[in-house]
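In case you want the letters, here they are:
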Amino acid sequence: LLTLGVFAMRALANLLGQLMPLEDVKVSALDRGFLFGDAVYEVVRVFQGKPWLEEEHFQRLARSLEAIRIGGVDLVRLRRRVHETIEAGQFREATLYLQITRGTSMPRRHAFPMQATPLELIWVEDYDDTATAAARRSGVGVITHPDLRWHRCGIKSTNLLANVLANQAAHEADCSEALLYLPDGTLTEASHSSFFWVQDDAVWTTPSRDNILPGITRALILNLAKRANVTIRGGHLRRDDLSKIAELFLTGTTSEVLPVVRIDGKPGGRGDPGPVTRKLQEVYSQAVREFLAG
Ligand code: PDD
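Residues numbered from 1 in each chain as written. Predicted model: local features only at pLDDT ≥ 70, side-chain atom pairs only at ≥ 80, totals over all residues. Heavy atoms only, no water.

Visitor: Lay out unusual backbone geometry with the relevant residues and their values.
Guide: The omega torsion of the bond from M106 to P107 falls at -5°, within 30 degrees of zero and hence cis. Its place among the elements puts P107 in the loop between strand 7 (94-101) and strand 8 (119-126). For R69, which is not glycine, the phi dihedral falls at a positive 60°. Since its relative accessible area comes to 63%, R69 is described here as exposed. The phi torsion at D200 lies on the positive side, around 50°, for a residue other than glycine. Under the relative-accessibility criterion, D200 is labelled exposed at 69%. (Helix = DSSP H or I, 4+ residues; strand = E, 2+ residues; numbered from the N terminus. Buried < 20%, exposed > 50% of the residue type's maximum accessible area, 1.4 Å probe, protein only.)

Here is the structure:
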């Protein structure tokens, strides 16, 4: 139990089918996730005990596993374990973390081992949305940072060092996110979020064929856009053009739709959450309400 203020935050893990407190999970030093970052993961939001966009997250997990050629993972069983873990801990507002590594083998060698059993780890932890909810109302600051990642960012791998360094730079600048840019100045996505911007009365986002993670929240926003009377186009925003945009917002599993009001210390867009961002926040909340009612 991790006590944060008045909240007792609980985290229950499921390691290869066995339930245990998260702090009791022990993984071998020979695990390839630990040694090489040879692993993929998902983060899912749980609302009122129900995993949100579960199917979409499992589809992306399947694509990530296939992309790095980890075979033999029974996703139906994994999904059942997810539900068992949520139920065992009677979680309501929570996040779910899922990680599959290629498993352990001796000796340490880069090439895939002849035989290894993938490690399947799930944990569910209580989630307190208070601070993020406030940020959704006020908006957040971001920095721009070089995109130092590899060329397969569509795979949700645990190789996150470039993301970690960019996000740390953001925090050291009192910002919540880092917008990543390529050497030619094109912005790709953020360290752990997708982004959209409003310019010339249209909403834009980086095309998913580019080297970005196809965000589940991003895809939902693309689907919900019509409800908000908004057309979303694929396009590229350059760092030099950030001063020309009307609005910018981030999307992600726990961020949901998060307005950006400061970029590199200067007001971003209008300097407060804009009307298109607000509208998309509304349709997002409506979709969650419908999911919970259904
Ligand atoms: N991050 N882009 C990157 C690089 C991400 O790591 C994430 C998610 C997103 C948003 O994707 P989604 O809408 O599916 O959450 C975009 C997760 C939450 C994380 O690493 O904690």
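On we go from here.
Visitor: Help me get a handle on the site of the ligand, residues and values and all.
Guide: The environment of the ligand is formed by 18 residues, the closest being Y41, E189, I216, T217 and T253. Taking K156, its side chain carries an N or O atom lying 3.3 Å from a nitrogen atom of the ligand. Between I216 and the ligand, the recorded distance is 2.8 Å, taken from a backbone N or O atom to an oxygen atom. The fraction of the free accessible surface of the ligand (470 Å²) that becomes covered by protein chains is 88%. Contributing elements (two or more residues each) for the shell around the ligand: strand 5 (39-47), strand 11 (187-190) and helix 6 (216-224). Of the residues assigned to the shell around the ligand, the class counts are five nonpolar, nine polar and four charged. (Near = heavy atom within 4 Å. Polar contact = N/O pair within 3.5 Å; in protein donor to acceptor, adjacent residues only side chain to side chain. Areas by Shrake-Rupley, 256 points an atom, 1.4 Å probe, with all protein chains shown as cover. Nonpolar A, V, L, I, M, F, W, Y, C, P; charged D, E, K, R; others polar.)

Bear in mind that shape data such as this cannot, by itself, settle questions of function.
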